[in-house]
Amino acid sequence: MTGPVLAIDVGGTKLAAAVIDPDGEFLARGAVSTPDSSDPDKVTGALRELARGLVDRAPARMLVGLGIGSAGPVDPAAGTVSPVNIPAWRDFPLVETLREVLPGRPAVLAGDGQCMALGEYWRGDRSAGAMLGIVVSTGVGGGLVMGGRVHLGPTGNAGHIGHIVVDIHGDPCACGGRGCVETMASGPAIARWAAEQGRYTGDARALAKAAHRGDRMAQRAFDRAAVALAAGIVSTAALVDLDEVVVGGGVAGAGEALFAPLRDAVEDLAGLGFIRRVRVRPSPLGADAGLLGAAALALAAAGRGDPT
Ligand SMILES: [Zn+2]
């Protein structure tokens, strides 16, 4: 079957949805803030309303599939998600919930970082044989595209770079572990560290502005996040031999406040030649990458083959 698909991107900050055609063009789109609530029905209601709004606007009979990218961990076999940064959802039946909006169509679920990486590969630079996509936002997600295919892993959770341990004596992480990349590099972690240094109360976005104005303490907050990200990147490159790393998500919007120290830290931490050759760059597609990757998976599930 050919035709557009409904793509959904579930994040701790934002819920986004779009109708995307087989060429990767957006035909309709919408987004709402993720309700900050412990009531699962509030989050579910907001997502269902967003998806229904798009299905009502697009000719539903033309939609051939549903692709869902969600903050992890995810369980694609069960169709459930337990996003670290959406505490209201634990083993939440996301696929079943969204199937009600688009019944009778194939539905596929993957991690938001995996979708971001796949979207960057599909609609961005396809020269990389092995690419790591990283989403730095409320949490830190990621995904690996190797040989043109997203690497999901046996449980569907491969690529979770946010939970690579970079400080064995580090702070507890929301995942239950300790010293993860996410404890130092997520937007809230950057803001929390800056606040601990005194006089800073802004979020990561405000800190980025301060860093661009030349505020040294704000810049140090990004320097620290960059070192944690670089440690995760260098470890991943050592393990799977990466060509390229694409970094997106709201915190990547800090631009050079993040990317300058990130390139320096990768240079500093990487030793072996095959690790040092990794290229690190901002996501050219920005927030659209996750939706595009979810659409690519849905198109493949709907029998279009692998669009990448
Ligand atoms: Zn963790």
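The structure reproduced in this document is the subject of the present report.

Let's shift gears to the sheet that holds strand S12 (residues 279–282). An order of S10-S9-S8-S11-S12 is seen for the five strands of this open sheet, with the pairing classed as mixed. Two strands lie at the open edges of the sheet, namely strand S10 (149–151) and S12, each paired on one side alone. Across this sheet, the average inter-strand angle for adjacent strands is 25°, counted without regard to direction. Where strand S11 (residues 244–248) lies against S12, four bridges are found, and the strand directions are parallel. Residue pairing across strands places Val245 opposite Val280, the latter belonging to S12. In this fold helix H3 (residues 112–123) packs onto strand S8 (130–136), strand S9 (140–146), S10 and S11, with an angle of close to 45° to the strand it touches most, S9. The strands touched by helix H7 (residues 216–240) within the sheet are S8, S9, S11 and S12, with S8 carrying the most contacts at an inclination of about 155°.

Okay, the coordination of the zinc ion next. Under ideal tetrahedral coordination, the four donors around a metal are separated by 109.5 degrees; under ideal octahedral coordination, the six donors are separated by 90 or 180 degrees. Bound to the zinc ion on the protein side are His163 (ND1), Cys173 (SG), Cys175 (SG) and Cys180 (SG), at distances that span 2.0 to 2.3 Å. Coordination geometry of the zinc ion: the four donor atoms subtend angles of 103 to 119° at the metal centre, consistent with an arrangement described as tetrahedral. Among the residues examined, Cys173 registers a relative accessible area of 9% and is labelled buried.

Our next topic: unusual backbone geometry. In this model, Gly72 is joined to Pro73 through a cis peptide bond whose omega is 0°. In this structure, Pro73 sits in the loop between strand S4 (66–70) and strand S5 (74–75). Positive phi outside glycine occurs at Asp91, with the angle close to 50°. In this structure, Asp91 sits in the loop between strand S6 (80–81) and helix H2 (94–99). Accessibility expressed as a relative area gives 58% for Asp91, which makes it exposed. Although it is not a glycine, Asp241 sits at a positive phi angle of roughly 65°. One can find Asp241 in the loop between H7 and S11. Judged by relative accessible area, which is 36%, Asp241 ranks as partly exposed.

Counted under the stated rule, the structure contains nine salt bridges. Of the charged contacts in the structure, one is a salt bridge between Arg123 and Glu25, with a shortest N-O distance of 3.8 Å. Note that Arg123 is positioned in helix H3 and Glu25 in the loop between strand S2 (14–20) and strand S3 (26–33), a separation of 98 residues in sequence. Overall, Glu25 belongs to the partly exposed group, its relative accessible area being 43%.

Definitions and limits used
- Residues numbered from 1 in each chain as written.
- Predicted model: local features only at pLDDT ≥ 70, side-chain atom pairs only at ≥ 80, totals over all residues.
- Heavy atoms only, no water.
- Pairing = 2+ DSSP bridges.
- Helix = DSSP H or I, 4+ residues; strand = E, 2+ residues; numbered from the N terminus.
- Axes fitted to C-alpha atoms, helices over the stretch in contact; angles between N-to-C directions.
- Contact = heavy atoms within 4.5 Å.
- Donors = N, O, S within 2.8 Å, 3.2 Å for Na, K, Ca; no water.
- Tetrahedral: all angles 85-135°; square planar, octahedral: opposite > 155°, others 65-115°.
- Buried < 20%, exposed > 50% of the residue type's maximum accessible area, 1.4 Å probe, protein only.
- Salt bridge = Lys/Arg side-chain N within 4 Å of Asp/Glu carboxyl O.

Bear in mind that shape data such as this cannot, by itself, settle questions of function.
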